[in-house]
Amino acid sequence: MTQETIDLLQNHRTYRQFDKDYQLSDLQLQQILDSARQAPTWMNGQLYSILVIKDPQIREQLVSWNPGNPHMKDSSVFLIFLADLKRTQKVAEDKKVPYRVGESIDPLLVATADAVFALQNAVTAVEALGLGSVVVGSIRNNIDEIAELLHLPDYVFPVAGLSIGKPIVDMQIKPRLPQAAVVHFDTYQDYDYSLIEDYDATMKKFGELRETKNWTQKFADTFSRPTSKKVDAFLKKQKLLD
Ligand SMILES: Cc1cc2nc3c(=O)[nH]c(=O)nc-3n(C[C@H](O)[C@H](O)[C@H](O)COP(=O)(O)O)c2cc1C
């Protein structure tokens, strides 16, 4: 049993193409949701919510904004994990105390982490059921439109979506960076840049079709472009940052 879980985790792969006719049973969905809700959570705060999106019109709309992720409608179900500081705002209101979460980034970070822990538990549950999933962080590209479409209240931030379904293609396990560039024992150890370049070679050999650039170029380009301030503005609008 233990080795089964270890194997499951070490064989993780993202799947993006699903059987459009495959229906997830209510029991399967419930198992995924129950697994997500049992994730560790800061101070037992459970500062997240999960949207289960089945409505074809909503899913169609999400894809029209983000056509690179058609599985948002072709999968069996689409979940969105929200960092949710609304519940505790209701508590503050009820107790007639100030609600000061916007004064620091820390509450938002812990709520986002809570949402991500729940999401990762869902990913693992999906794989244990013999199904596949893809995390969709690019929902944040249309964050304002999505918040309106899904009626998100103040103090709520959509962290990522998760398309879940029955994969129709096999995928090879994607190699990771060398351990020495990622894992440190006792204190942070600097490492040779060549380890990072080694990963370019590993990924080139792996030949992932959807990658148009090597790993180093992808991140040189991504982190040298001017950063969009859309999410920052959204967080202010949601009262999550002053
Ligand atoms: C926060 C986050 C956001 C992601 N967003 C997307 C996305 O918008 N579209 C997509 O196709 N994959 C997305 N992914 C999946 C990653 O591309 C994938 O996990 C990564 O390439 C590693 O591949 P693997 O999961 O198959 O090992 C996302 C993953 C994470 C963790």
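Shown above is the structure to which this text applies.
What comes next concerns the included structure.

## Let's talk about the overall build of the protein
Helix and strand content of the protein: 10 helices and four strands. Reading the protein from its N end, one meets helices and strands in the order α-α-β-α-α-β-α-α-β-α-β-α-α-α. With the principal axes as the frame, the protein shows a C-alpha extent of 60 × 45 × 40 Å. In the protein, which comprises 242 residues, the share counted as buried stands at 24%.

## Details of the site of the ligand
In the vicinity of the ligand, the contacting residues are His12, Arg13, Thr14, Arg16, Asn69, Val134, Val135, Val136, Gly137, Ser138, Ala160 and Lys174. At three residues, strand β3 (residues 132–136) tops the list of elements feeding residues into the shell around the ligand. Across the shell around the ligand, the residue classes tally to four nonpolar, five polar and three charged.

## Digging into the sheet that holds strand β2 (residues 77–84)
With respect to topology, four strands assemble into an open sheet ordered β1-β2-β4-β3, the strand pairing being antiparallel. One side of each edge strand has no neighbouring strand; the edge strands of this open sheet are β1 (48–53) and β3. The mean inter-strand angle of the sheet, taken between neighbouring strand axes irrespective of direction, is 25°.

Thresholds, definitions, all that
- Residues numbered from 1 in each chain as written.
- Predicted model: local features only at pLDDT ≥ 70, side-chain atom pairs only at ≥ 80, totals over all residues.
- Helix = DSSP H or I, 4+ residues; strand = E, 2+ residues; numbered from the N terminus.
- Buried ≥ 20, exposed ≤ 12 C-beta atoms within 10 Å, placed from the backbone.
- Near = placed C-beta within 6 Å.
- Nonpolar A, V, L, I, M, F, W, Y, C, P; charged D, E, K, R; others polar.
- Pairing = 2+ DSSP bridges.
- Axes fitted to C-alpha atoms, helices over the stretch in contact; angles between N-to-C directions.

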